[in-house]
Amino acid sequence: MARIIASPAVNRRALLGGLAGMAGAGPVFAQPRGEQLLVVMWGAQWIEVCRPIGEEWTRATGDRIQWELHAGGAMAVVGRLRPLWPRVPQNLIAAWDPVFAAMMEAGWMEPVSETDMPALRDIPDAFFKKDAQGRKMTVPLSTAGAFWGYRTDLVTGPPIESIEQLLEPRFRGKLCVPVPVNLSGLLLVSLAMQRGGNERNIEPGWQFLKQLAERGQIGRVVANNSEMINAMSAGDLSVAFWNTGGWQAVRDRFPCRLLTRLPDNKGFLFNEGFAVMKGENANRVAAAKRFANHFATAPINTRYNMPLGSGPTNINSTPAPAIADIFYKPDELERFAYIPDYAYMSTQVDAWTRRWETEITPLVRRG
């Protein structure tokens, strides 16, 4: 985990001065101040970094921020809000791509634009979720992902430059992989793309996966971060496909290389950020946009992501040194990164899981 870097104190005059400097870029800063906002955020490191930012914002603008923590996974908020809609108290909800897709389908989210929120101009277009009319519907704050990687202290012979190498005898029993329900099925997407497919043409992935299982390459199938970290720490496995959070923990203990710039495959990205919720109170919606825009500005986006070990989305932000190899610059996104259709994948995971259990699990057990 990256070390928390303390930011300089922010006083009312300095913050208001910064807001005034951005006022010409959009009318939202001319809206009335002093609104009460309810913002849903994750716990742990997320809320720890957010509370001081919210307190500074209140002192500078008069908008009062009340935080509500996600209970369980972020998707649970969809079930909690559905019976209450349209009378829900939440104004901003921190979520990630699959949750955004569910809320967009329900019609709960307010469109956002650079006119209202000038900081969005400095966020790559690929990071936004858009509706059928092409309107931006999310405020991307962090980018994270899932990648192949390996412990360099355990892999002998040539370095891994293509996941086709994972079929080599030296990797028998050495692979740590997730079940399809984890990471929304990204393992299958990665294997499919290696053979010319993608999330909507997944059959090449199944064929590659069967080859790996038949040759006994899969040593462990894991279901969560703790299992992945423990598996990769034990010393009998050397290669894994997992998310940045798990990899960061492993890399704190052992030398690792993440395969984020493969010539024949991709790093798979997902974004976390804010959804601005629709509401009858126009002033409150405008206040929510102001606050979300503040998080998207380069200095706050840097400060927000630094202790999380996530990549900032604002192109003028500074990534934590610990994630330099997993942070893609704008000109690298098309070459090395891929943001799949998570909404579509969520409709396939149940079928993929059933097929895994009937076709792959017996092969893994046989080893």
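Each remark here, short or long, concerns the structure printed above.
Computed from a predicted structure; not experimentally measured.

1. A few points about the nonpolar core
Judged by nonpolar contacts, the single largest core of 115 residues is most densely connected at Met103, Val139, Trp148, Met228, Phe274 and Phe295. Apart from residues lying up to four places away in sequence, valine 139 is in contact with Val112, Met117, Leu120, Glu272, Gly273, Phe274, Val276, Ala292 and Ala296.

2. Looking at the side chain of asparagine 243
With respect to the secondary-structure elements, asparagine 243 resides in strand β7 (residues 239-243). Polar contacts involving the side chain of asparagine 243 include one to the main-chain amide nitrogen of glycine 246, which spans 2.9 Å. Dropping the residues within four chain positions of it, asparagine 243 is found in contact with Gly145, Ala146, Leu183 and Asn225.

3. Some details on the pattern of salt bridges
One pass over the structure, following the stated rule, counts 21 salt bridges. A salt bridge links glutamate 56 to arginine 303; the nearest nitrogen and oxygen atoms lie 3.0 Å apart. Taken together, the positions of glutamate 56 in helix α2 (residues 44-61) and arginine 303 in helix α10 (residues 298-305) put the pair 247 residues apart, joining distant regions of the chain. Among the residues examined, glutamate 56 registers a relative accessible area of 12% and is labelled buried. Judged by relative accessible area, arginine 303 falls into the buried class, the value being 15%. One salt-bridge network, in which partners are shared between bridges, spans Glu114, Asp125, Lys130 and Lys136.

4. Some remarks on helix α6 (residues 203-214)
With twelve residues, α6 ought to run about 16 Å at 1.5 Å a step, and its terminal C-alpha atoms sit 17 Å apart, in line with that. Taken residue by residue, α6 has Pro204, Gly205, Trp206, Phe208, Leu209, Leu212 and Ala213 as its buried positions. Where the residues of α6 are buried, they touch β5 (175-178), α5 (186-194), β6 (218-222) and α12 (342-366). One or two positions beyond α6, positive phi appears at glycine 216, with a value near 75°.

5. Quick notes on the packing of aromatic side chains
In this description, a pair of aromatic rings is defined by centroid distance and the angle of the planes. Overall, the coordinates contain twelve aromatic pairs when judged by the stated rule. Here the aromatic rings of tryptophan 148 and phenylalanine 241 are separated by 5.3 Å at their centres, their planes lie at 55°, and the arrangement is tilted. Highlighted residues: tryptophan 148 in strand β4 (residues 139-151) and phenylalanine 241 in strand β7, separated in sequence by 93 residues. With respect to class, tryptophan 148 is no different from phenylalanine 241; both count as buried. Ring centres of phenylalanine 291 and phenylalanine 295 lie 5.1 Å apart, and the angle between their planes is 80°; on these two criteria the pair is classed as edge-to-face. Of this pair, phenylalanine 291 and phenylalanine 295 are both found in helix α9 (residues 282-296), four residues apart, which corresponds to roughly one turn of the helix.

Conventions we followed
- Residues numbered from 1 in each chain as written.
- Predicted model: local features only at pLDDT ≥ 70, side-chain atom pairs only at ≥ 80, totals over all residues.
- Heavy atoms only, no water.
- Core = buried A, V, L, I, M, F, W, Y, C linked by side-chain atoms within 4.5 Å.
- Buried < 20%, exposed > 50% of the residue type's maximum accessible area, 1.4 Å probe, protein only.
- Contact = heavy atoms within 4.5 Å.
- Helix = DSSP H or I, 4+ residues; strand = E, 2+ residues; numbered from the N terminus.
- Polar contact = N/O pair within 3.5 Å; in protein donor to acceptor, adjacent residues only side chain to side chain.
- Salt bridge = Lys/Arg side-chain N within 4 Å of Asp/Glu carboxyl O.
- Expected span 1.5 Å × (residues − 1).
- Phe/Tyr/Trp six-rings, centres within 6.5 Å; stacked < 30°, edge-to-face > 60°.

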